[in-house]
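Read off the chains here:
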Amino acid sequence: MKRIGVYPGTFDPVTFGHIDIIKRAVSLVDHLIIAVAVNFNKKPMFSANTRAEMVKYEADLISTLKIEVIEFSDLLIDFADRHNANVILRGLRAVSDFEYEFKMSWVNHKLNDKIETIFLPASKDTQFISSNFVKEVALLGGDVSKFVPPYVIQQFNKITQDD
Ligand code: ADP
């Protein structure tokens, strides 16, 4: 049986923390779908299109064959089911992630008990990177090259140049 995994997120923008999870997740499944949430209610800084494009750029550097990037705006569990996924993969950083993630996996399991959630613990070198923190630093002109790849920095530069 082909194992299909979905790694969902807002990716506003994709960071080295996400990339670390993608690299590890792809070794656990035959096919990995990175699901970029349109998430209007979170008021993302980058459009869904740009977020997906940044994720796609980084994913292609890891594997063009095994990874696919798709935007979604419906219920995650329905998206996963529609794509015949067996597992949803999520990264866990500090304890602060735990409660929300634990509840979400419980709800998803109630909605569809055929799809499991797997948590991957954040790696030592990337565990404190968050998209929100990166945005704050970048908007104030700080150097975010230790947290996000060069392609993302280019997208930040476009935003700040437009202002
Ligand atoms: P969401 O809005 O779904 O939380 P994010 O893009 O913030 O979207 O996060 C997507 C997933 O990536 C979540 O499972 C989150 O815990 C995980 N993640 C984010 N940053 C890191 C990191 N530095 N290390 C490990 N996992 C991370």
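Scroll up for the structure.
Read on for an overview of the structure. (Residues numbered from 1 in each chain as written. Predicted model: local features only at pLDDT ≥ 70, side-chain atom pairs only at ≥ 80, totals over all residues. Heavy atoms only, no water.)

1. Regarding the site of the ligand
Around the ligand, the surrounding shell holds 17 residues, and the nearest of these are Tyr 7, Thr 10, Lys 42, Gly 91 and Thr 126. One of the backbone nitrogen or oxygen atoms of Phe 11 is found 2.9 Å away from an oxygen atom of the ligand. In the environment of the ligand, an oxygen atom lies 2.4 Å from a nitrogen or oxygen atom belonging to the side chain of Lys 42. Taken by itself the ligand offers 550 Å² of open surface, and the protein chains cover 90% of this. Mapped onto the shell around the ligand, the elements with two or more residues apiece are β1 (4–9), α1 (16–26), β4 (87–92) and α4 (95–111). Within the shell around the ligand, the residues separate by chemical class into 6 nonpolar, 6 polar and 5 charged. (Near = heavy atom within 4 Å. Polar contact = N/O pair within 3.5 Å; in protein donor to acceptor, adjacent residues only side chain to side chain. Areas by Shrake-Rupley, 256 points an atom, 1.4 Å probe, with all protein chains shown as cover. Helix = DSSP H or I, 4+ residues; strand = E, 2+ residues; numbered from the N terminus. Nonpolar A, V, L, I, M, F, W, Y, C, P; charged D, E, K, R; others polar.)

2. A look at the side chain of Thr 117
With respect to the secondary-structure elements, Thr 117 resides in strand β5 (residues 116–121). Not counting the four nearest positions on each side in its chain, Thr 117 is found in contact with Ile 88, Arg 90 and Ser 105. (Contact = heavy atoms within 4.5 Å.)

3. Some points on the pattern of salt bridges
Enumeration over the complete set of coordinates arrives at 8 salt bridges. Of the charged contacts in the structure, one is a salt bridge between Glu 101 and Arg 90, with a shortest N-O distance of 2.7 Å. Taken together, the residues span a long stretch of sequence, with Glu 101 in helix α4 and Arg 90 in strand β4 at a distance of 11 residues. Take Glu 101 and Arg 90: they sit in the same class, and that class is buried. (Salt bridge = Lys/Arg side-chain N within 4 Å of Asp/Glu carboxyl O. Buried < 20%, exposed > 50% of the residue type's maximum accessible area, 1.4 Å probe, protein only.)

4. As for the side chain of Ser 131
Here Ser 131 shows up in helix α5 (residues 131–139). Polar contacts involving the side chain of Ser 131 include one to the main-chain carbonyl oxygen of Pro 13, which spans 2.8 Å. If we ignore the near neighbours within four places in the chain, the residues touching Ser 131 are Asp 12, Pro 13, Thr 15 and His 18.

5. Let's talk about the nonpolar core
Among the nonpolar cores identified, the biggest contains 30 residues, and Tyr 7, Phe 11, Val 14, Leu 32, Ile 34, Val 55 and Val 69 are the most heavily contacted of them. Breaking this core down by element, the ones donating at least two residues are α1, β2 (31–37), α2 (48–62), β3 (67–72), β4, α5 and α6 (150–162). Non-local contacts of Tyr 7, meaning those with residues more than four positions away in its chain, are made with His 18, Ile 21, Ile 22, Leu 32, Ile 33, Ile 34, Ala 35, Leu 89, Arg 90 and Gly 91. If you look at the next biggest cluster of nonpolar residues, it comprises 14 residues, including Ile 4, Val 6, Ile 33 and Ile 77. (Core = buried A, V, L, I, M, F, W, Y, C linked by side-chain atoms within 4.5 Å.)

6. Structural notes on unusual backbone geometry
For the bond from Asp 12 to Pro 13, the omega torsion is 0°, close enough to zero to count as cis. Here Pro 13 shows up in the loop between β1 and α1. With a phi close to 50°, Phe 11 is a non-glycine residue in the positive phi region. In this structure Phe 11 comes out as buried when scored by relative accessible area, which is 1%. Non-glycine residue Lys 43 carries a positive phi angle of around 45°. Given a relative accessible area of 71%, Lys 43 falls into the exposed group.

7. Points about the environment of Ile 129
Along the chain, Ile 129 falls in the loop between β5 and α5. Looking at Ile 129, the relative accessible area reads 7%, which means it is buried. As a C-alpha pair, Ile 129 and Lys 146 span 17 residues in sequence and 9.4 Å in three-dimensional space. Excluding residues within four positions of it along the chain, Ile 129 makes contact with Thr 15, Phe 16, Gly 17, Arg 93, Val 134, Lys 146 and Phe 147.

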